[in-house]
Amino acid sequence: MTALVAIGVVSYVWEQHFRTYTTENIQILASKTAEQIAEEYRKTNDLRSSSVPARYASLYANGIGVKVVQKGGDKENVVYDSTVLEFSEGNTSPSLEPKAPIQTKTADIIVDGESVGYVRIWVYGTDTLLRATDEQFRKNSYQAIIFASALAIVLAMCLGFLFARNLVNPINRMTKTAQAIKNGNLSARTELTGDDEIARLGATFDAMADSVEHDRELERRLTTDVAHELRTPLMAIQSTVEAIVDGVFAADTERLEIVNSEVERLARLVDALLRLARLENRNTRLNEEVIDVGELVSGIVVTHEAFVDDSGLTMTFQADKNVHIFGDADMISQATTNLISNAVRYTPEGGHIGVRVKQGELMASIAVQDTGIGLTPEEAKMVFSRFWRADAGRSREHGGLGVGLAVVKEIVDRHGGWVQVEGKPNQGATFTIHIPLYNEATAKSRARSRDKKPKWN
């Protein structure tokens, strides 16, 4: 398309150029003819002299028309018209002088400074007055244009093919990588590099694949951990019940208490997993209300004092007054409880746990600080991921399935906030929940947004 447009534009320009060139040649020819007729007029004093028109009669055969007009007073007499034919009866044919002035030029016949008439010359077509060299130049020009256009088309096709291949190759690589991941090879990567859009898409794809592989590994770890955690109480229940059935143990209160404690342990494990699944699937509706965060957390701290004391730890609590948020009190209590339990689990005996409620400009914060084993920067990035736990040995030693902090993050996300973690290895850690402070406009907006969503039982 571009080549055809270029040919059309250049052809039009060239034609205009040759038309102008021809017009200039007509004017030159008319002026020279007028000069020659003027010389003849000086000799004969008559434009009707037979020697004058006859000289230009042959021009008509070459596609040029000549007309000589003599001025006499107020009249003009045509003394010669090369396009008029005379017949034997004395009749003549009409003049073929063109009406359009484009290819017609006129030159005055000047004798002694006075115009005695004029010569009008016209041509039929733009090629009449072109010389052989002009014709050859135009022919060569068009050939060069056609050759250049053909070469441009070939080069465009070659470059287009290379561009398309370079564009398609990364896409094919991503397709093969996606197929490999689909077939179970989670380690497959595109390994595309660069600054263009396709390279960035490939990098994003690889990041997604890394996340999928990581989540799959965490799920495998979860399966192993769940199996281990469930197996222990199940084995205890099974062995106790079998011993009672075989008569080894009596079905007394002590044995039944063992069975009951293990059943409660199983219930806690299953409940934690179900709670996380419901939060992630948004199947739990928020019962939102205005909450005084200080009063809420104060009650949680009181209920956990005995648990903290039994673990050989101390705990302090500080709270700003009148810190209000709009949310679900049960869920906020659950998130705070999980943070305190996590701090107790990873703080050695003799350590300290501090709980503080503060009011910022826009956010309310609940911070739980401990003097426990802390965590590395890499662990801080992963600590809220689903199914994540610290190294397996340490986690099993301290208990837990690694879903408590994931539950905290889901709860805080649903309240429009975020969770912050800070710490260093063997220097403790601080987990801080940030939730927007209550204001009437925000509460109404969230209520409208909640009412538009499906309500789950």
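Scroll up a little and you will see the structure.
Everything quoted here is computed from the prediction, not taken from an experiment. The numbering scheme is per chain: residues are counted from 1 as the chain's sequence reads. Where totals are concerned, whole chains, interfaces and linings use all residues; where local detail is concerned, this predicted model gives features only for residues with pLDDT of at least 70, and gives and counts side-chain atom pairs only at 80 or more. Note that the side-chain values use all heavy atoms of the structure and ignore hydrogens as well as water.

Moving on: the environment of Ala243. By the criteria applied, helices consist of DSSP H or I runs no shorter than four residues and strands consist of E runs no shorter than two, each listed in order from the N terminus. Following the sequence through the fold, Ala243 ends up in helix H4 (residues 197-245). Between the C-alpha atom of Ala243 and that of Arg255, which follows or precedes it by 12 residues, the distance is 9.8 Å. Contact definition: two residues touch when any of their heavy atoms are within 4.5 Å. Leaving out residues up to four positions away in the same chain, Ala243 has contacts with Val248 and Phe249.

All right, on to unusual backbone geometry then. Trans is the prevailing form of peptide bonds, just as negative phi is the prevailing case for residues other than glycine. Unlike most non-glycine residues, Glu191 shows phi in positive territory, near 55°. Locating Glu191 in the fold gives a position in the loop between helix H3 (132-182) and H4. Three exposure classes are used, based on accessible area relative to the maximum for each residue type with a 1.4 Å probe and protein chains only: buried under 20%, partly exposed in between, and exposed over 50%. Under the relative-accessibility criterion, Glu191 is labelled exposed at 62%. Of note in the backbone geometry, Asn322 takes a positive phi value of approximately 55° without being a glycine. For Asn322, the position within the fold is in the loop between strand S6 (314-319) and strand S7 (324-328).

Look at helix H8 (residues 329-345) against helix H11 (residues 404-414): their axes get within 9 Å of each other, and the N-to-C directions meet at 150°. In this structure, H8 meets H11 at a crossing whose hand is left-handed. Of the residues in H11, those in contact with Met331, Ile332, Gln334, Ala335, Asn338, Leu339 and Asn342 of H8 are Gly404, Leu405, Val407, Val408, Ile411 and Arg414. Basically, the charged four are Asp, Glu, Lys and Arg, the nonpolar ten are Ala, Val, Leu, Ile, Met, Phe, Trp, Tyr, Cys and Pro, and anything else, Gly included, counts as polar. Looking at side-chain class alone, the contact of H8 with H11 contains eight nonpolar, four polar and one charged residues. Every axis corresponds to a line fitted to the C-alpha atoms, with the helix fit spanning only the stretch in contact, and the corresponding angles, defined between N-to-C directions, vary from 0 to 180 degrees. Crossing handedness follows the turn of the near helix against the far one: under a right angle anticlockwise gives a left-handed crossing, and clockwise gives a right-handed one.

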